[in-house]
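If you want the building blocks of each chain, they are given just below.
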Amino acid sequence: MVPDLPANPLSIELTLTHRRFWWRIDDEDEQPEQWDASADVSDLDVCPEDLRHVGNIALVIADLTKERNLLDSVVLGEWALEFIAETVIDPDQGKLHPELDARISQGPPRMVILRRIELTEPWRGHGLGAALIAGALRILAPNARLAACRVSPLDFAHPGADRISAELSSLRAGAMLESIGFHRWRGVHLVDLRNPALVDARMDLLEQWWPGQVEN
């Protein structure tokens, strides 16, 4: 075991939960879906109890076959609302801009929006963030066509952080996303949910923690 980590990262489980009002059960309901992925070490593996929780990923799935309204911005975020409005040229069919459409595999006309990932301190610095994001997106791949994330220095601006630190953090976050298949398009990071890079994102950890078991 790498001494800097509390447990074998291959024992981390992702638990995805979908939150919605209980009374929103109509088939035609097209409100954005809020999803949360909790990463935790399996109870079957050895790990200090107070270190079992690894982190959380906040995601939203937006239906591209509807006209957006201002209420959606509360869930999606203003940037996502504007991006979808500029990207979806035919809301009736969920048809994307031709340039983007040519880059993305066919699939359900829905978009996963990566809102946030937070890892607890003991689990940071080992490439887990990228791998866990990739894992969560692959789980949701049957339900959507692409995923999007906006990375901005403003997201890293907090008391005590200067402008340069925020910009560097933003660059690192963008590089992390690009390492698992995201690419920049019109100022937003996008990934085809069927991109093999999302699957390959696990390989470094598998080779490190399960040597001799991974085929080249």
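Here the structure is a predicted model, which is why all the values come from computation and not from measurement. (Residues numbered from 1 in each chain as written. Predicted model: local features only at pLDDT ≥ 70, side-chain atom pairs only at ≥ 80, totals over all residues. Heavy atoms only, no water.)

Draft legend 1. Layout of the overall build of the chain. Helix and strand content of the chain: seven helices and nine strands. Over its C-alpha trace the chain gives a radius of gyration of 18 Å, about what one expects of a compact globule, namely 17 Å for 216 residues. Dimensions of the chain along its principal axes, counting C-alpha atoms only, are 50 × 40 × 40 Å. Each of the 216 residues in the chain was classed as buried or not, and the buried ones make up 43%. Averaging the locations of the 21 positively and 35 negatively charged side chains of the chain gives two centres separated by 4 Å. (Helix = DSSP H or I, 4+ residues; strand = E, 2+ residues; numbered from the N terminus. Rg over C-alpha atoms; globule rule 2.2 N^0.38 Å. Buried < 20%, exposed > 50% of the residue type's maximum accessible area, 1.4 Å probe, protein only. Lys, Arg positive; Asp, Glu negative; His and termini not counted. Charge placed at Lys NZ, Arg CZ, Asp CG, Glu CD.)

Draft legend 2. View of helix α4 (residues 128–140). With 13 residues, α4 ought to run about 18 Å at 1.5 Å a step, and its terminal C-alpha atoms sit 18 Å apart, in line with that. Of all 13 residues in α4, ten are buried, a share of seventy percent or more. Of the residues making up α4, those classed as buried are Leu128, Gly129, Ala130, Ala131, Leu132, Ile133, Ala134, Ala136, Leu137 and Leu140. (Expected span 1.5 Å × (residues − 1).)

Draft legend 3. Representation of the side chain of aspartate 63 in the model. Here aspartate 63 lies in strand β3 (residues 53–63). Comment: no salt bridge for buried aspartate 63; closest opposite-charge side chain is arginine 110, at 4.8 Å. A polar atom in the side chain of aspartate 63 sits 2.6 Å from the side chain of threonine 65. (Salt bridge = Lys/Arg side-chain N within 4 Å of Asp/Glu carboxyl O. Polar contact = N/O pair within 3.5 Å; in protein donor to acceptor, adjacent residues only side chain to side chain.)

Draft legend 4. Here's a closer look at the pairing of β3. The element β3 is extensively covered by neighbouring structure, given that nine of its eleven residues are classed as buried. In the sheet, strand β2 (residues 33–41) pairs with β3 via eight bridges, with the strands oriented antiparallel. Along β3, the bridge assignment pairs serine 38 with asparagine 56. Relative to strand β6 (residues 110–119), β3 runs antiparallel, the two sharing nine bridges. Looking across to β6, one finds that valine 60 is bridged to isoleucine 113. (Pairing = 2+ DSSP bridges.)

Draft legend 5. Focus on the environment of arginine 24. Position of arginine 24 relative to the elements: it lies in the loop between β1 (12–19) and β2. Look at arginine 24 and you get partly exposed, because its relative accessible area is 25%. Considering only alpha carbons, one finds arginine 24 and leucine 96, 72 residues apart in sequence, at a separation of 27 Å.

Draft legend 6. Spatial organisation of helix α5 (residues 163–178). For α5, with 16 residues, the first-to-last C-alpha span of 23 Å sits near the 22 Å given by 1.5 Å per residue. For α5, the complete set of buried residues consists of Ala166, Ser169, Ser170, Ala173, Gly174 and Leu177. One side of α5 holds all its buried residues, which, seen down the axis, span an arc of 135 degrees. With respect to the buried face of α5, the exposed residues turned more than 90 degrees away are Ile164, Leu171 and Arg172. Those residues of α5 hidden inside the fold are in contact with β6, α4, β7 (146–149) and β9 (188–192). (Arc of directions from axis to C-beta. Contact = heavy atoms within 4.5 Å.)

Draft legend 7. Seen up close, the pattern of salt bridges. Under the defined criterion, the tally for this structure stands at nine salt bridges. Ionic pairing is found between aspartate 36 and arginine 19, a salt bridge with its closest N-O pair at 2.8 Å. Here arginine 19 lies in strand β1 and aspartate 36 lies in strand β2, a separation of 17 residues in the sequence. The class of arginine 19 is partly exposed, set by a relative accessible area of 45%. In this structure, glutamate 118 and arginine 116 form a salt bridge, with 3.2 Å as the shortest nitrogen-oxygen distance. Taking relative accessible area as the criterion, glutamate 118 reaches 45% and is therefore assigned partly exposed.

Draft legend 8. Summary view of the nonpolar core. Counting residues in hydrophobic clusters, the biggest one holds 40 residues, and the most contacted among them are Leu59, Val112, Leu137 and Leu193. Mapped onto this core, the elements with two or more residues apiece are β2, β3, β6, α4, β7, α5 and α7 (203–209). Once residues within four sequence positions are removed from consideration, valine 112 is found in contact with Leu59, Val60, Ile61, Leu137, Leu140, Ala144, Leu146, Ala147, Ala148 and Leu193. Grouped together as the second largest cluster of nonpolar side chains are 21 residues, Leu64, Phe83, Ile104 and Ile113 included. (Core = buried A, V, L, I, M, F, W, Y, C linked by side-chain atoms within 4.5 Å.)

Draft legend 9. Molecular detail of the packing of aromatic side chains. Under the definition given, this model contains two aromatic pairs. For the pair phenylalanine 21 and tryptophan 23, a centre-to-centre distance of 5.4 Å together with 15 degrees between the ring planes defines the contact as stacked. In this structure tryptophan 23 comes out as partly exposed when scored by relative accessible area, which is 45%. (Phe/Tyr/Trp six-rings, centres within 6.5 Å; stacked < 30°, edge-to-face > 60°.)

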